[in-house]
Amino acid sequence: MRAVRWALLGLLLASSPGVTAEYPWEEEPASRWTRDFSNSARDNRVPLPTTQLEQEGIGEKITVHGLFDRWVLNDSVHVGRGTHFAEVTQDCKGKIELDFSLTAAQWQNRARRKRYYRSIDKLVIKVGRQLLADFGDQLSGREREAFMRALHALAWQESLWQHSIRYKNWFFVVLSGSSYNALDDWGITQVARSHGHPDELLNERFFASKGYCSIGSTLYYGFMEYYLIYMDARSLPCNHSAMDKLVGAYNQYASGFSYCNDQFSEDETFRTYQIGAMTGFGNHYKKRTWLKKMK
């Protein structure tokens, strides 16, 4: 999961000549990601809880800059599906996909868990193909195949393909928790809500549309960001091979430092993060780690 997001924005221009520090994905209309990609039943008929969540004794919460509650849930609730979560039951009413918001009991069922991973695999492919079509199908052949594989690896590196979980009639979206970003990174592709200060907002259209409520919407938005970064990274002289281009794009996606696969911060802590994130992405890409979960 991404621990740092766009923390060193000011260094971007110096580290990647010819690439601007603008965010083209933030100019895209919400109609791109608010479509129904999953065809899953929603939570419309799930009644809202009538008691306070604090009475359930399922974890500890802190209020993040007065905007939302971030929970550290007990192991018995998340059963390995993350650590930090935002409770979104009322905020996301009618938008939550039940097929991808499993209870602890559902998740502990091996057959149900395998079906979940297979459904995510299909959803990644569907969203990725739609994204490429929306932007004019500019990738083809081996490059297209490699990019689609990179989308799987990106979502796995960011969240282990986790987005939301259910406890009784409460629903939660996975958060970064330890991010440098004041308002955390959200969902399966860990979309950043802010820079280091809560007033330095990012991806405002995405969050205003409540895109984080839907796994399909969050996949599309994160993939769109990666795609637009990749289309710049693929033309830079610092990225020679096909893999360099994919990793360079992920360097920028994960850290905001550089579009190059071989450029790192001088800050030791941040450099360690970059190397870890890029290595994880590359390893998942090469090994297709997710396939083991689908067998």
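Relevant structure appears above.
Criteria and cut-off values
- Residues numbered from 1 in each chain as written.
- Predicted model: local features only at pLDDT ≥ 70, side-chain atom pairs only at ≥ 80, totals over all residues.
- Heavy atoms only, no water.
- Axes fitted to C-alpha atoms, helices over the stretch in contact; angles between N-to-C directions.
- Helix = DSSP H or I, 4+ residues; strand = E, 2+ residues; numbered from the N terminus.
- Parallel < 35°, antiparallel > 145°, perpendicular 65-115°, else oblique.
- Left-handed = near helix turned anticlockwise from the far one by under 90°.
- Contact = heavy atoms within 4.5 Å.
- Nonpolar A, V, L, I, M, F, W, Y, C, P; charged D, E, K, R; others polar.
- Disulfide = S-S within 2.5 Å.
- Buried < 20%, exposed > 50% of the residue type's maximum accessible area, 1.4 Å probe, protein only.
- Phe/Tyr/Trp six-rings, centres within 6.5 Å; stacked < 30°, edge-to-face > 60°.
- Lys NZ or Arg CZ within 6 Å of the ring centre and 35° of its normal.
- Salt bridge = Lys/Arg side-chain N within 4 Å of Asp/Glu carboxyl O.
- Expected span 1.5 Å × (residues − 1).
- Polar contact = N/O pair within 3.5 Å; in protein donor to acceptor, adjacent residues only side chain to side chain.

1. Considering the packing of helix α5 (residues 141-159) against helix α9 (residues 268-287)
Turning to step 1, where the next piece is worked out: Packing of α5 against α9 leaves a shortest axis separation of 8 Å and a crossing angle of 125°. In this view, α5 runs oblique relative to α9, as classed from their interaxial angle. In terms of crossing hand, the pair formed by α5 and α9 is right-handed. Two secondary-structure elements touch here, α5 through Ala146, Arg149, Ala150, Ala153, Leu154, Trp156 and Gln157 and α9 through Gly276, Ala277, Gly280, Phe281, His284, Tyr285 and Lys286.
Turning to step 2, where the next piece is worked out: Of the residues in the contact of α5 with α9, the class split is eight nonpolar, four polar and two charged.

2. As for the state of the cysteines
Turning to step 1, where the next piece is worked out: Evaluated as defined, the whole model comprises two disulfides.
Turning to step 2, where the next piece is worked out: Shown here is the disulfide that connects Cys92 with Cys213, its sulfur atoms set 2.0 Å apart. In this structure the cystine formed by Cys92 and Cys213 twists about its S-S bond by roughly -70°; its chirality is therefore left-handed. On the criterion of sequence distance, the pair formed by Cys92 in the loop between β3 (84-87) and β4 (101-102) and Cys213 in the loop between α6 (204-208) and α7 (215-233) is long-range, its members being 121 residues apart. Each member of the pair, Cys92 as well as Cys213, carries the same accessibility label: buried.

3. Quick notes on the packing of aromatic side chains
Turning to step 1, where the next piece is worked out: By the definition in use, this model includes 29 aromatic pairs.
Turning to step 2, where the next piece is worked out: Centre to centre, the rings of Phe135 and Tyr227 are 5.3 Å apart; their planes meet at 45°, and the pair counts as tilted. Separated by 92 residues along the polypeptide, Phe135 in the loop between α4 (110-134) and α5 and Tyr227 in helix α7 bring together distant segments of the chain.
Turning to step 3, where the next piece is worked out: Since its relative accessible area comes to 2%, Tyr227 is described here as buried.
Turning to step 4, where the next piece is worked out: Members of the aromatic cluster, connected to one another through ring pairs, are Phe135, Phe147, Tyr226, Tyr227, Tyr230, Tyr250, Tyr253 and Phe281.
Turning to step 5, where the next piece is worked out: The ring centre of Phe135 lies 4.5 Å from the NZ or CZ of Arg32, which sits over that ring.

4. Observations concerning the pattern of salt bridges
Turning to step 1, where the next piece is worked out: Within the structure shown, the criterion is met by 12 salt bridges.
Turning to step 2, where the next piece is worked out: With its nearest N and O atoms 2.5 Å apart, the salt bridge here joins Arg35 to Asp134. Taken together, the residues span a long stretch of sequence, with Arg35 in the loop between α1 (12-15) and β1 (59-64) and Asp134 in helix α4 at a distance of 99 residues.
Turning to step 3, where the next piece is worked out: The partner of Lys210 in a salt bridge is Asp91, with the nearest N and O atoms 3.1 Å apart. Residue Lys210 is found in the loop between α6 and α7, and its partner Asp91 is found in the loop between β3 and β4; the two are separated by 119 residues along the sequence.
Turning to step 4, where the next piece is worked out: Taking relative accessible area as the criterion, Lys210 reaches 30% and is therefore assigned partly exposed.

5. Quick word on α9
Helical periodicity: at 3.6 residues per turn, an α-helix aligns residues three or four positions apart in one direction.
Turning to step 1, where the next piece is worked out: Over its 20 residues, α9 runs 28 Å from end to end, which matches the ideal 28 Å to within 8%, given 1.5 Å per residue.
Turning to step 2, where the next piece is worked out: Considered for burial, the residues of α9 that qualify are Phe270, Tyr273, Gln274, Ala277, Met278, Gly280, Phe281, Gly282, His284 and Tyr285.
Turning to step 3, where the next piece is worked out: Between the side-chain oxygen of the N-cap and the backbone nitrogen of Thr269 there are 3.2 Å, and the N-cap of α9 in question is Asp267.
Turning to step 4, where the next piece is worked out: Positive backbone phi, at 50°, marks Arg288, one or two positions downstream of α9.

Worth remembering: the numbers are spatial, not functional.
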